[in-house]
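One letter stands for each residue in the lines below.
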Amino acid sequence: MHPGRTSGKGPSTHIQIDQQPPRLLIVHIALPSWADICANLCEALQNFFSLACSLMGPSRMSLFSLYMVQDQHECILPFVQVKGNFARLQACISELRMLQREGCFRSQGTSLRLAVEDGLQQFKQYSRHVTTSEALAYTSLEITILTSQPGKEVVRQLEEGLKDTDLVRVRRLQVVEITKGILEHTASASPAEDLSNDESSIPGTDIDLQTVDNDIVSMEIFFKAWLHNSGTDQEQIHLLLSSQCFSNISRARDNPMCLKCDLQERLLSPSLLPGTADGSLRMDDPKGDFSTLYQMASQSSASHYKLQVIKALKSSGLCESLTYGLPFILRPTSCWQLDWDELETNQQHFHALCHSLLKREWLLLAKGEPLSPGHSQRIPASTFYVIMPSRSLTLLVKAVATRELMLPSTFPLLSEDPCDDSLKTVESILDSLELEPTYNPLQVQSHLYSHLSSNYAKPRGRLHPHWESKAPRKHPCKTGQLQTNRARATVAPLPVTPVPGRASKTPAPAAGKTSSDTFFLPSEWKEDASGP
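Everything numeric here is computed off the predicted structure, so don't read it as measured data.

Asker: I keep staring at the nonpolar core and nothing clicks. Help me out?
Answerer: General note: in soluble globular proteins, nonpolar side chains tend to be found buried as a group. Formed by 42 residues in total, the largest nonpolar core has its most connected members in Leu-25, Leu-41, Phe-49, Phe-64, Leu-66 and Phe-223. Only strand S1 (23–28), helix H1 (34–52), strand S2 (63–69), strand S3 (73–81), helix H2 (86–97), strand S5 (170–179) and helix H7 (216–224) provide two or more residues apiece to this core. Counting residues per element, this core draws most heavily on H1, at eleven residues. Non-local contacts of Phe-49, meaning those with residues more than four positions away in its chain, are made with Phe-64, Val-82, Phe-86, Leu-89 and Ile-93. Listed in part, the 28 residues of the second largest apolar core include Leu-63, Ile-143, Leu-167 and Ile-207.

Asker: Would you mind showing me how to read the sheet that holds strand S10 (residues 323–332) here?
Answerer: Hydrogen bonding along the main chain pairs the strands of a sheet, whether they run parallel or antiparallel. Ordered in space as S7-S8-S10-S13-S12-S11-S9, the seven strands form a closed barrel in which the pairing is mixed. Each neighbouring strand pair of the sheet contributes to a mean axis angle of 40 degrees, computed without reference to strand direction. Of the pairings in the sheet, the one linking strand S9 (residues 305–314) to strand S11 (residues 362–368) comprises seven bridges and is antiparallel in character. Note on S11: the bridge partner recorded for Lys-311 is Leu-365. Of the strands in this sheet, strand S7 (237–241), strand S8 (257–265), S9, S10, S11, strand S12 (384–389) and strand S13 (395–400) touch helix H9 (residues 340–360), which is tilted by about 80 degrees from S8.

Asker: Just to check I follow, could you spell out the pattern of salt bridges for this structure?
Answerer: Per the stated rule, a full pass over the model turns up eight salt bridges. The shortest N-O distance in the salt bridge between Arg-97 and Glu-43 comes to 3.8 Å. Of the two residues, Arg-97 is situated in helix H2 and Glu-43 in helix H1; the sequence distance between them amounts to 54 residues. For Arg-97, a relative accessible area of 31% gives the class partly exposed. Classification of Glu-43 as partly exposed rests on a relative accessible area of 30%. Across the pair Lys-260 and Glu-342 runs a salt bridge whose closest N-O atoms are separated by 2.5 Å. Taken as a pair, Lys-260 in strand S8 and Glu-342 in helix H9 lie far apart in primary sequence, 82 residues in all. According to the relative accessible area criterion, Lys-260 is buried, its value standing at 17%. A relative accessible area of 29% places Glu-342 in the partly exposed class. Each member of the salt-bridge network shares a partner with another, and the members are Arg-23, Glu-142 and Arg-171.

Reading guide: rules and limits
- Residues numbered from 1 in each chain as written.
- Predicted model: local features only at pLDDT ≥ 70, side-chain atom pairs only at ≥ 80, totals over all residues.
- Heavy atoms only, no water.
- Core = buried A, V, L, I, M, F, W, Y, C linked by side-chain atoms within 4.5 Å.
- Buried < 20%, exposed > 50% of the residue type's maximum accessible area, 1.4 Å probe, protein only.
- Helix = DSSP H or I, 4+ residues; strand = E, 2+ residues; numbered from the N terminus.
- Contact = heavy atoms within 4.5 Å.
- Pairing = 2+ DSSP bridges.
- Axes fitted to C-alpha atoms, helices over the stretch in contact; angles between N-to-C directions.
- Salt bridge = Lys/Arg side-chain N within 4 Å of Asp/Glu carboxyl O.

Right under this line is the structure:
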C-alpha cells in the first residue's frame, strides 16, 4: 500500500487492504455519567479521525455516520466518506462536546431502537444511490452503541425492541459499555452467560457486548481496531512446516503440515502519514515500509501466499540488525469458508507450534513464495523471514537480510577493561536514569495527533458558524418543554424528482457539494422560536 498508485487504468499492483464495512456509531447519553465521559470520548474520536483521515493510500474506512441518543435519537452526521471529511467529522465532535452535562430529562425507552432503525434506513437509501462498483462495498453495516448504562440491560432492550426489525443488512451489532474501571465491572466483561439464551437472541444477528475503560487511550485503541483488515473471506497465509522437523505435532511424516493463518499489522507505517520524520522522505516510494509480507500476501490473492519453513534457529542466534521492515502478526485463520472441525484442528496445531517454540527457545527461518513473473523471463527473487513465538496465540514475522543485501561492516571488538575514570563517569550518569522494566508505547507521545489535526486547520472562516456560536444548551426538567436549536435530521425519501408540496421545505444544497451529500438532507427542518 502506498500513495503513488491508488487508481488508474490498467492492472494495478498496489497493496489491497480490504475496507472495513460502513459504520454507524450511536452515542447513548445518560446523565449524570455523560459529564465524566464526554471529554475523554470526544478527545479519542478527534485523535482517531485525525489519523484515519490522514493515512495515505487506499481508504481503510468507507462510510461513517454518527447518531446521538438523549431524550430522543438524532442524526448528527449522515453517512459520509471518512477520507477527506475531517472538517465535518471535527464539527460533529464539537457538537458532542456541547451537549448537556447536567440537569435531567425523560429517557425514552424506544430511542435506541429508533436510532438503529433510522440509521439502517439511511444506509439502505445511500447504497441504492451509488454506482454498482461502490454498492459491492456497501452490502452490510456494522452498528456500535456506546453507553454508560449497564451493558447487559441495553442488550436486552435492543433484543426486545428489534425482534421484529429486518436486520439482514447488519453485519454486526455491538454494545460497548464505558466503565470507570475494570475491577468494578468484571461481570460485564464476560456476557456470554446472559447472551447465550436462544430465546433472547435476534434471529440472524448476535449482539456483542464489550467494556471499555473511561480513559482516552482505551477508547483510542477501541476505535483503531476499525483500521484493521478484518476480512474473513479467505485465509491469507499458508505456513508450511516440514514434518521431519516437527514430527511431534504432525501425524503424517511424509507430508508437510499447513497452518492457515490471517495476517495482521502490528503498527501503522510512518511512511503512510504526511509530515512525519520517517515518512517525509518516503511518500513517493512505491514500496516504502510495506514492501514485505503484507505486500506479497496482497498481491498473491489468487492463491494463498505460502511461507515455507526451511530451518530452526536459536533465539539467541539472531542479530536484530539483520531484520528490516515492519513486523506483522500471524494468527489462526477465522475464515468462514472453513468448516468448524478444520478451524479447530488448525488452531490446535497453531497453539502447539507456539508452545513448542517457546519451550525450545527457537525461531523459524521461512522462505516466502516468490510472486509469479507472468510472461517475463526474469527469475523472481525470494524473501526470507524469521518467525518468532509469543506468549499469546500469535507469531511475529519480520523480514530478514540475505547475502545480496549485506554491506561490509568492520567494527573493533569491545575491550574488557575501559578507562576507570570514564567508567565511573558513565556509570554515574546511567545510575541517575529512571529504569523501566519494559517499554510501553502507550506512555510515549509524539504529538502526532496535534500535528495531523493542524494540517486540516483553516486560517479563516468556520465550517458551521451556527453550531460554533451558540452556547451549550440547558434543558429544563419539566416534561414536554425540551428546547433545541439544532436541526434534526430524519430519513429523507430521496425522490428522483421533487415531490409535489414538499419542495419548498427542503433547502437547496450548497454549491460545491457532491450529489451524495444532498441525498441525506433532512426531509423537514424543525427549529423552535428560541433558535438563532
